Amino acid sequence: MTSIHTDAQINERQEDFLTLINMLTYAEGVAESLGAPSASWYIDVAKQALQSALSSEMEIELSNAEIVNLASVRAGHC
């Protein structure tokens, strides 16, 4: 079975990745400010996994820092 995605579906999926990355960036900062280094570490690992998954789906190559900057732009559903 092949999976055919429309441009709109691909864009929505990438927006969802960016939303999650943005939320995790915020959560990581909160965990650090609360003095919870192990929570911050786990959040960072999850964020890196999402960044990697998003990078593999994008047509252009972006660094993790560029993805975080892109994720912080106010757009999309959240």
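Preceding block: the structure.
About the criteria used
- Residues numbered from 1 in each chain as written.
- Predicted model: local features only at pLDDT ≥ 70, side-chain atom pairs only at ≥ 80, totals over all residues.
- Heavy atoms only, no water.
- Helix = DSSP H or I, 4+ residues; strand = E, 2+ residues; numbered from the N terminus.
- Buried < 20%, exposed > 50% of the residue type's maximum accessible area, 1.4 Å probe, protein only.
- Contact = heavy atoms within 4.5 Å.
- Areas by Shrake-Rupley, 256 points an atom, 1.4 Å probe, with all protein chains shown as cover.
- Phe/Tyr/Trp six-rings, centres within 6.5 Å; stacked < 30°, edge-to-face > 60°.

J.: Explain the overall build of the chain to me, please; I cannot follow it from the model alone.
T.: Scanning the chain for helices and strands turns up three helices and zero strands. Counting from the amino terminus, helix and strand elements in the chain follow one another as α-α-α. Burial status across the chain gives 22% buried among its 78 residues. Taking the intrachain contacts of the chain between residues at least 6 apart in sequence as the baseline, contacts between residues at least 24 apart amount to 59%. Carbon together with sulfur atoms contributes 57% to the accessible area of the chain, which is approximately 5800 Å² in total.

J.: Help me understand the packing of aromatic side chains, please; the structure alone is not making it clear to me.
T.: Each aromatic ring pair is described using two quantities: the centre-to-centre distance and the angle formed by the ring planes. Scanning the model with the defined rule gives one aromatic pair in all. Here W41 and Y42 contribute two aromatic rings whose centre-to-centre distance is 4.9 Å and whose plane-to-plane angle is 80°, an arrangement assigned as edge-to-face.

J.: Which parts of the structure should I look at to understand the environment of Q14?
T.: Within the element layout of this structure, Q14 appears in helix 1 (residues 7-33). With relative accessibility at 16%, the residue Q14 sits in the buried group. Sequence spacing of Q14 and M58 is 44 residues, and the spatial spacing of their C-alpha atoms is 8.2 Å. Aside from chain neighbours lying at most four places away, what touches Q14 is L54, E57 and M58.

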